[in-house]
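Here are the chains, one letter per residue:
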Amino acid sequence: QVQLAESGGGLVQAGGSLTLSCAASERTFSQLPMGWFRQAPGKEREFVATIDWSGARIDYADSVKGRFTISRDSARNTMYLQMDRLKPEDTAVYYCAAKYGVVTSTPNEYKFWGQGTQVTVSS
């Protein structure tokens, strides 16, 4: 069973950058669609970005398009989220997730989840 672990969160000023990493426990990760989701206090978990197994299909939420970049390195069993020009409204716990089948933006369709990493953007 795939296990995921996020790292790279922290506190940053508005306009700054952070890079999140998601390490998978198994090489089967390389065949699975994956995504980044986030959850702010009092809000539902929301889609941030997804990437299919090959990296050819990538989707972003409108709120992060042009500022965030998702990528994956199958040789390292790791997925990344480069976050630039961060805004206070990006403050949330960020989760990586994986699923079988086709890539989607619906959190409930993802089977495997990491424990989350906190990102706080100060104004």
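Here goes a summary of the coordinates provided. This structure is a prediction, so every number in the text was calculated from the model and none was measured. (Residues numbered from 1 in each chain as written. Predicted model: local features only at pLDDT ≥ 70, side-chain atom pairs only at ≥ 80, totals over all residues. Heavy atoms only, no water.)

Along the protein, the regular secondary structure elements total zero helices and 11 strands. Compactness check: the protein gives a C-alpha radius of gyration of 13 Å against a globular reference of 14 Å for 123 residues, within 12% of the reference. Over its C-alpha atoms, taken along the principal directions, the protein stretches across nearly 40 × 25 × 25 Å. Here the protein holds 123 residues, and 46% of them are scored as buried. Counting every atom, the protein has about 6,200 Å² of accessible surface; 47% of that belongs to carbon and sulfur. Side-chain charges in the protein split into 13 positive and 12 negative, and the spacing between the mean points of these groups amounts to 2 Å. (Helix = DSSP H or I, 4+ residues; strand = E, 2+ residues; numbered from the N terminus. Rg over C-alpha atoms; globule rule 2.2 N^0.38 Å. Buried < 20%, exposed > 50% of the residue type's maximum accessible area, 1.4 Å probe, protein only. Areas by Shrake-Rupley, 256 points an atom, 1.4 Å probe, with all protein chains shown as cover. Lys, Arg positive; Asp, Glu negative; His and termini not counted. Charge placed at Lys NZ, Arg CZ, Asp CG, Glu CD.)

Extensive coverage of strand S3 (residues 18–24) is indicated by the burial of five of its seven residues. Where strand S1 (residues 4–7) and S3 come together, four bridges link them in antiparallel fashion. Paired with Leu 4 across the bridge in S3 is Ala 24. In terms of strand pairing, S3 meets strand S8 (residues 78–83) through six bridges, oriented antiparallel. Directly across from Leu 18, in S8, lies its bridge partner Met 83. (Pairing = 2+ DSSP bridges.)

Take the state of the cysteines next. As used here, a disulfide is simply a covalent bond connecting the sulfur atoms of two cysteines. Inspection of every chain in the model, using the stated rule, returns one disulfide. Across the disulfide from Cys 22 sits Cys 96; the S-S distance is 2.1 Å. Taking the sign of the S-S torsion, about 65° here, the bridge from Cys 22 to Cys 96 comes out right-handed. Note that Cys 22 is positioned in strand S3 and Cys 96 in strand S9 (residues 92–98), a separation of 74 residues in sequence. Comparing Cys 22 with Cys 96, the two get one shared label, buried. (Disulfide = S-S within 2.5 Å.)

A few words now on the environment of Gly 114. Mapped onto the elements of the fold, Gly 114 is located in the loop between strand S10 (112–113) and strand S11 (117–122). Spatially, the C-alpha atom of Gly 114 lies 9.1 Å from that of Ala 24, the residues being 90 residues apart in sequence. Every residue in contact with Gly 114, bar those within four places of it in the chain, is listed here: Leu 4, Glu 6, Tyr 95 and Cys 96. (Contact = heavy atoms within 4.5 Å.)

Keep in mind these values describe shape, not function.
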